[in-house]
Number of protein chains: 2
Amino acid sequence: MDKFEAMQRFVLVAQFGSFTKAADALGLPKSSISNAIQGLESELGTRLFHRSTRSVTLTQDGEVYLPQCQTLLAELDALGSQFQRNPNDVRGILRVDMPSRFAATVVIPNLADFIEKYPNIRLKISSADYRVDMIKEGIDCVIRVGSLDDSSLIARPLTQYRSLNCVSPSYIKKFGIPQTIAELANHKLIEYSPSLGNLSAQFEYMDNGKVRQQSMPSSLAVNGTDAYLEACLSGLGIAQIPMIGAESFIKKGLLIPILSEFEAEPMPVSLLYPSRRQPTKRLTVFMDWLQSITRTT
Amino acid sequence: MDKFEAMQRFVLVAQFGSFTKAADALGLPKSSISNAIQGLESELGTRLFHRSTRSVTLTQDGEVYLPQCQTLLAELDALGSQFQRNPNDVRGILRVDMPSRFAATVVIPNLADFIEKYPNIRLKISSADYRVDMIKEGIDCVIRVGSLDDSSLIARPLTQYRSLNCVSPSYIKKFGIPQTIAELANHKLIEYSPSLGNLSAQFEYMDNGKVRQQSMPSSLAVNGTDAYLEACLSGLGIAQIPMIGAESFIKKGLLIPILSEFEAEPMPVSLLYPSRRQPTKRLTVFMDWLQSITRTT
DNA sequence: TCCTTTGTTTGTTTAATCCGAACAATGTTA
DNA sequence: TAACATTGTTCGGATTAAACAAACAAAGGA
């Protein structure tokens, strides 16, 4: 039994939770899958799946074995691809997760270059946007905006997002335009916090390179970028919106930048990938390309 | 072609520097080896060996690929052996390097237990004693006496060697027995230094838990344990010899311990193994067993 | 220059995998 | 409760790939 293929099949079965679906995905008869798993199990001397005809779940050992298999397979993949020096040789599926707006404004417009240079890479861009389990989902790298906390990943800084303080025309009609930080006490902030636990609303701004925060009134807190933007458009308060998301609205006059001398600290945009000994060749060329296009814009 | 097997063959050919020898070692025809290597090469898209009928050497790429293969295979091995819960299931070859004296006095006398409990482990003890390249030689773990410096390895403290200050009867006849540190100025030290670079001879001793060194005359420096012992037996000076090596001679009256209140700092005995994500099951049980026997003695 | 050794090639044998279909087991539904 | 549909396993025939042995070619040593 080919161990490598057996492991691959095991991972697939675990992901699908079904022998039949894994067999279909590989275009093999169910028996091949069944034999492969049995081969693995007898070799390991333990059972990997609880199989009851209606559901296939991992045993305790299987649960341990799955991620190990995945990292080993990924490493093998990386080893096999490292000598592909001709761009045409670089092939395989590359799964990347990034904020949808980043994809639409930065990546997609420049993508023609990349797929021309590496025609045999099949790129799959998803925008689950939130913490996805990279190993479990088989994601090769993710792009994240804001500060980082997941330490099991290697981070590369890509670029920064300037944030603008924005309000809608309807807001100005009601409350006017604040000109100083002091005046913010008479205004409303739309609060953005990924985790809704924070207590007081803070207006963040840079003062000679230092980050400062000013407490101010707020009647709304949201935890999604879309809701944040929409709330600002509806005149519910001041929002500190990344330029990349705001500029089209500013052009149309739907948002008005204010307090331009008190911009918030730029948000870092980072590229994260699992800390393996070696990343795949296709991953390294993609990350290098990403850095090249973010450097120039 | 089974990738793992191909890699294994590649490693073997690289180690032997010969297709024929690798084939013999595996009991396979040369053609199988040849095909496996060719398969690997075509898959990687690069050449792994410079083959001229008289000699087989790694190409630059092969040089890169070899250690990667070795670690990957070791990891695969570890994955495959992790569920072997019954001692009888733990099998495979285990290569250990340790000082010959340690093997003879500590390990071998207790080994019966171990091979009875794990009858399917084939233990290979070598005493190359000096820095061997563990990965290259395929050594699973090594035992070393003294301070450590190789940082790529994980170290486990095992035990400590008490050192005794010894001289031979013939030495006593000539020089007498020193009773204080001060008197050492009128005596001779046999200098032991693994690297013969040190300048002045130092008598090392513990003073209320602190390590102190006393310069003293010396007319001989050696860098091997056997030579060190032999020099002391011949009455050439004072030697600070690990108890384990000295006690048989002391019993026979060939060595006399002196200055027993000024023993040198005990030398740590450590167990070193490569830092892989997971050690093999057989390695973990062996290391655990080693710790258990050194704790009790 | 001849000879021995070594890696590659070739054709044949052998073993393993693949495949489709029949089978058994289990959760669902009528 | 019983018939049904779906899923994992088993089995025999077809196919493919690896193992093997021998012949071949190339390169260093005598």
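Preceding this section is the structure that the text describes.
Given the structure is predicted, the values throughout are model-derived calculations rather than measurements. (Residues numbered from 1 in each chain as written. Chains lettered and ligands numbered in written order. Predicted model: local features only at pLDDT ≥ 70, side-chain atom pairs only at ≥ 80, totals over all residues. Heavy atoms only, no water.)

1. Structural notes on the protein's contact with DNA strand D
Taken together, 20 residues form the shell around DNA strand D, and within it T20, S34 and R51 of chain A together with M1 and T53 of chain B come nearest. Of all DNA strand D atoms lying within 4 Å of any protein atom, the proportion belonging to sugar or phosphate reaches 63%. At 2.9 Å from a phosphate oxygen of DNA strand D is found a main-chain nitrogen or oxygen belonging to F19 of chain A. Interatomic distance of 3.3 Å between a side-chain N/O atom of S31 of chain B and a base nitrogen of DNA strand D. (Near = heavy atom within 4 Å. Polar contact = N/O pair within 3.5 Å; in protein donor to acceptor, adjacent residues only side chain to side chain.)

2. Looking at the interface of chain A and chain B
How big an interface is tends to be stated in terms of accessible area lost as the parts join. Across the contact, 22 residues belong to chain A and 23 residues belong to chain B. Carbon and sulfur atoms make up 58% of the area that chain A and chain B hide from each other, which totals about 2,100 Å². The largest share of the area that chain A buries against chain B comes from L72, L79 and F83 of chain A, three residues that together contribute 27% of it. In this assembly, chain A and chain B are joined by four residue pairs in polar contact (both at pLDDT 80 or more). Contributions of two or more residues to the side of chain A that touches chain B are made by α1 (3-16) and α4 (60-81) of chain A. It is α4 of chain A that contributes the most residues to the side of chain A that touches chain B, ten residues altogether. Partitioned by chemical class, the residues of the side of chain A that touches chain B number eleven nonpolar, five polar and six charged. (Contact = heavy atoms within 4.5 Å. Buried area = accessible area lost by both parts, 1.4 Å probe. Helix = DSSP H or I, 4+ residues; strand = E, 2+ residues; numbered from the N terminus. Nonpolar A, V, L, I, M, F, W, Y, C, P; charged D, E, K, R; others polar.)

3. Things to note about the protein's contact with DNA strand C
Around DNA strand C sit 19 residues, and of these M1 and T53 of chain A together with T20, S34 and R51 of chain B come closest. When atoms of DNA strand C within 4 Å of the protein are sorted by moiety, sugar and phosphate together comprise 66%. Within the side chain of R51 of chain B, one N or O atom sits 2.2 Å away from a phosphate oxygen of DNA strand C. Taken together, the elements giving at least two residues each to the surface near DNA strand C come down to α3 (30-44) of chain A together with α2 (19-26) and α3 (30-44) of chain B. Class assignment of the residues belonging to the surface near DNA strand C gives a composition of five nonpolar, nine polar and five charged.

4. Some points on unusual backbone geometry
All names here are of chain A. The phi dihedral of N208 is positive, around 55°, even though this residue is not glycine. Relative to the helices and strands, N208 is located in the loop between β9 (202-207) and β10 (210-215). Judged by relative accessible area, which is 79%, N208 ranks as exposed. (Buried < 20%, exposed > 50% of the residue type's maximum accessible area, 1.4 Å probe, protein only.)

5. What about the pattern of salt bridges?
In the structure shown here, the tally under the stated rule is 18 salt bridges over all chains. Here R85 of chain B makes a salt bridge to D61 of chain A, at a shortest N to O gap of 2.6 Å. Of this pair, R85 of chain B sits in the loop between α4 (60-81) and β3 (92-97) while D61 of chain A sits in helix α4, on two different chains. In this structure R85 of chain B comes out as exposed when scored by relative accessible area, which is 53%. Where R51 of chain B meets E41 of chain B, a salt bridge forms, and the shortest distance between an N and an O atom there is 2.8 Å. Here R51 of chain B is found in strand β1 (residues 49-52), whereas its partner E41 of chain B is found in helix α3, with ten residues between them in sequence. Given a relative accessible area of 7%, E41 of chain B falls into the buried group. (Salt bridge = Lys/Arg side-chain N within 4 Å of Asp/Glu carboxyl O.)

6. Structural notes on the nonpolar core
General note: in soluble globular proteins, nonpolar side chains tend to be found buried as a group. Ranked by size, the top nonpolar core spans 56 residues in total, and within it F10, F49 and Y65 of chain A together with F4, F10, F49 and Y65 of chain B carry the most contacts. Dropping the residues within four chain positions of it, F10 of chain B is found in contact with I37, L40, L48, F49, L58, G62, Y65, L66 and C69 of chain B. (Core = buried A, V, L, I, M, F, W, Y, C linked by side-chain atoms within 4.5 Å.)

7. Some details on the environment of S219 of chain A
Residue and element names in this part refer to chain A. With respect to the helices, strands and loops of the structure, S219 is situated in strand β11 (residues 218-222). For S219, a relative accessible area of 54% corresponds to the exposed category. Along the backbone, S219 and L236 are 17 residues apart, and their C-alpha atoms lie at a distance of 8.3 Å. Here S219 is in contact with K188 and L189, once residues within four sequence places are set aside.

8. A few points about the pairing of strand β9 (residues 202-207) of chain B
Remember that side chains alternate between the two faces of the sheet whenever the strand is regular. Residue and element names in this part refer to chain B. For β9 and strand β10 (residues 210-215), the ladder comprises six bridges, and the chain directions are antiparallel. Bridge pairing links Q202 to S215 in β10. Once β9 ends, the chain turns through two residues before running back antiparallel as β10, passing N208 with a positive phi of about 55°. (Pairing = 2+ DSSP bridges.)

9. Some thoughts on the sheet that holds strand β13 (residues 256-258) of chain A
Residues and elements named next belong to chain A. Strand order in this open sheet of three strands is β12-β7-β13, and the pairing throughout is antiparallel. With one partner strand each, in any of the chains shown, β12 (239-242) and β13 form the two edges of the open sheet. Between one strand axis and the next, the sheet turns by 55° as a mean value, whatever way the strands run. Of the pairings in the sheet, the one linking strand β7 (residues 163-167) to β12 comprises four bridges and is antiparallel in character. Within β12, the position partnered with N165 by the bridge is Q240. Relative to β12, helix α8 (residues 225-233) is tilted by about 125°, and along the sheet it contacts β7 and β12. Along the sheet, helix α9 (residues 243-251) contacts β7, β12 and β13; its crossing angle with β12, the most-contacted strand, is approximately 105°. (Axes fitted to C-alpha atoms, helices over the stretch in contact; angles between N-to-C directions.)

10. Details of the relation of the copies chain A and chain B
Note on the identical chains: chain A maps onto chain B by a rotation of 179° and an axial translation of 0.2 Å, with an RMSD of 0.2 Å. What the superposition gives is, in effect, a two-fold axis relating one chain to the other. In terms of proximity to the rotation axis, the leading residue of chain A is D2 of chain A, whose C-alpha is 2.8 Å off the axis. A share of 100% of interface residues in chain A that are also interface residues in chain B marks the association as one of identical surfaces. (Least-squares fit on C-alpha atoms with pLDDT ≥ 70 in both.)

It is worth stressing that arrangement in space is one thing and function is another; only the former is reported here.
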